[in-house]
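# Structural overview
Chain residues, written in single-letter form:
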Amino acid sequence: LQLRYIRGPETIGAPEHVLGLVRFGAEPAAAAYPVAGIAMAELDHGAGAELWTSALPVRYGSANGIRYADNGQVLFGAIADDVPADGTGFERRVGQIYDAAFELCQAQGHPHLLRVWNYFPQINQARDGLETYQRFCRARALAFQARFGEFVPRLPSASAIGSHGGRFVLYFIAARAAGLHRENPRQLSAYSYPPQYGPRSPSFARATLYRHAGQELFFISGTASIVGHESMHRGDVCAQLDETLRNIETLIESTGRDEAVRLGGLGDIDFLKVYLRRPADLAPVRARLRERLGEAVQVLYLHGEICRSELLVEIEAVAGR
Ligand code: 3EB
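One numbering rule holds for all chains: residues counted from 1, following each sequence as written. Whole-chain, interface and lining totals are the exception, using all residues; otherwise, since this is a predicted model, local features are given only for residues with pLDDT of at least 70 and side-chain atom pairs are given and counted only at 80 or more. To obtain the side-chain values, all non-hydrogen atoms of the structure were included, while hydrogens and water were left out.

### A short note on the pattern of salt bridges
- The term salt bridge refers to a side-chain nitrogen of Lys or Arg lying within 4 Å of a carboxyl oxygen of Asp or Glu. All told, the structure shown has 22 salt bridges when counted by the stated rule.
- One salt bridge connects Arg167 with Asp82, and the closest N-O pair in it is separated by 3.9 Å. In this pair, Arg167 is assigned in the loop between β11 (157-163) and β12 (168-175) and Asp82 in the loop between β7 (74-81) and α1 (87-107), connecting sequence segments 85 residues apart.
- Buried, partly exposed and exposed residues are distinguished by accessible area as a fraction of the type maximum, computed with a 1.4 Å probe on protein chains only: under 20%, between the cut-offs, and over 50%, respectively. Using a relative accessible area of 39% as the deciding quantity, one classes Arg167 as partly exposed.
- For Asp82, a relative accessible area of 58% translates into the label exposed.
- Here Arg115 and Glu316 are joined by a salt bridge, their closest N and O atoms 3.5 Å apart. Pair noted here: Arg115 is in strand β8 (residues 112-121) and Glu316 is in strand β20 (residues 313-319), with a separation of 201 residues, a long-range link. In this pair, the class of Arg115 matches that of Glu316, namely buried.
- Each of Glu50, Arg115, Lys273 and Glu316 takes part in one network of salt bridges that share partners. Counting from the N terminus, the helices are DSSP H or I runs at least four residues long and the strands are E runs at least two residues long.

And the structure:
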């Protein structure tokens, strides 16, 4: 299981075993492997993509609208769906999509979700009194609950980000072997957020450590300027960025300590996706990130809407090449 970011309009080489391709700001060409296009501009190079590949040969298929790739150890799945615009229809469809994903993972022998990405438009817009993100959270929580009952121990790392138009896109990585889900000592677990944020709490873990067949991958969920359960530094993107980096650093350090893995700090990050609500924040954020993380880390800067309207920046990361 390998990740590579493609920056700019570069196309992918043919000889690899591709698990999936996700393009930002453009629709990818149809392919034998799962593809998804997210309506979210890449701010640095004008185009970008996330490419997941495998050293092992890959088998492709499709079930209930989900395209998948299976290399015998992990399953990559992707679906883009025209979800209904009305709140109730949206929630029903999101629940169906999640259940189809659970079903697929089970049927293909990859029952352990490691990492999930969610992108959909109008994330901060209210529909009949509830924001789209809150409706999404309710539908996702009910789907996990219906499938697993006591679902908290199964929750994978995740991101949920607002796109600018386009469809509801879900993609995920599941595995035959379980990952180890981690929480952040600086943050209340998202699944325990109090009800002021919505009728059902967000269903995700702060990070997932996947150790298998000599590989060590650490998936860090979308992370923002939240301490406890509260948003910090309203209106100040640089202070939000520093708080976010403190959160990520703590997550890496505490996991390295508790799990005795070679994870020490921010320097271990190999891939970053940085979501910015305002494109004008690119320059200061990029300068500060270079200062803190150096030049070796690969970064995609994306114009996305964070699920709480006061948050200006969110960062997800992968450690492990
Ligand atoms: C937060 O910490 C910020 O609902 O799947 C980050 C990562 C966030 C994932 C999700 C939401 C999600 O609450 C938002």
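### A few points about the sheet that holds β11
- The pairing criterion for strands is at least two bridges between them, as found by DSSP. The strand order across the open sheet formed by six strands is β5-β6-β7-β12-β8-β11, and the pairing between neighbours is mixed. In this open sheet, the two edge strands, each paired with only one partner strand, are β5 (59-63) and β11. Sheet twist, expressed as the average angle between the axes of neighbouring strands with direction ignored, equals 15 degrees.
- Bridge count between β8 and β11: seven bridges; the pairing is parallel. When the sheet's bridge partners are listed, Val116 is paired in β11 with Ala158.
- Contacts are assigned to residue pairs that have any heavy atoms within 4.5 Å of one another. Note on geometry: axes are lines fitted to C-alpha atoms, helical ones only across the stretch in contact, with angles between N-to-C directions running from 0 to 180 degrees. Packing of α1 onto the sheet brings it into contact with β5, β6 (66-70), β7, β8 and β12, and relative to β12 it is tilted by some 25 degrees.
- Where helix α2 (residues 132-148) meets the sheet, its contacts fall on β8, β11 and β12, and the angle it forms with β8 comes to roughly 150 degrees.

### Focus on helix α3 (residues 237-259)
- In a regular helix each residue adds 1.5 Å, so 23 residues correspond to 33 Å; α3 covers 33 Å between its end C-alpha atoms and thus fits that length.
- Residues adjacent in sequence count toward polar contacts only when both atoms are side-chain atoms; beyond that, a polar contact is any pair of N or O atoms within 3.5 Å, and within protein one must be able to donate a hydrogen and the other to accept it. Taking the backbone nitrogen of Cys238 as reference, a side-chain oxygen 3.2 Å away marks Asp236 as the first, capping residue of α3. Under the convention used throughout, the expected extent of a helix is 1.5 Å for every residue step, that is, one less than its residue count.

### Topic: the pairing of strand β18 (residues 271-276)
- Of all six residues making up β18, six are buried, and the element is well covered by its neighbours.
- Side chains Phe271, Lys273 and Tyr275 project from β18 onto one buried face, and the interleaved Leu272, Val274 and Leu276 project onto a second face that is buried too.
- In this structure, β18 lies alongside strand β19 (residues 298-303), joined through six bridges in parallel fashion. From the neighbouring strand, Leu276 faces β19, where its bridge partner is His303.
- Both β18 and β20 contribute to a ladder of six bridges, which runs antiparallel. Bridging across to β20, Phe271 finds its partner in Val318.

### Observations regarding the sheet that holds strand β2 (residues 17-24)
- Read from one edge to the other, the open sheet built from four strands follows the order β1-β4-β2-β3, with strand pairing classed as mixed. Both outer strands of the open sheet, β1 (2-7) and β3 (35-38), are each paired with one neighbouring strand and no more. Between one strand and the next, the sheet's axes are offset by a mean angle of 15 degrees, whatever the strand orientation.
- As defined by bridge partners, β2 adjoins β3 across four bridges and the pair is classed as parallel. Opposite Leu21, over in β3, you have Val35 as the bridge partner.

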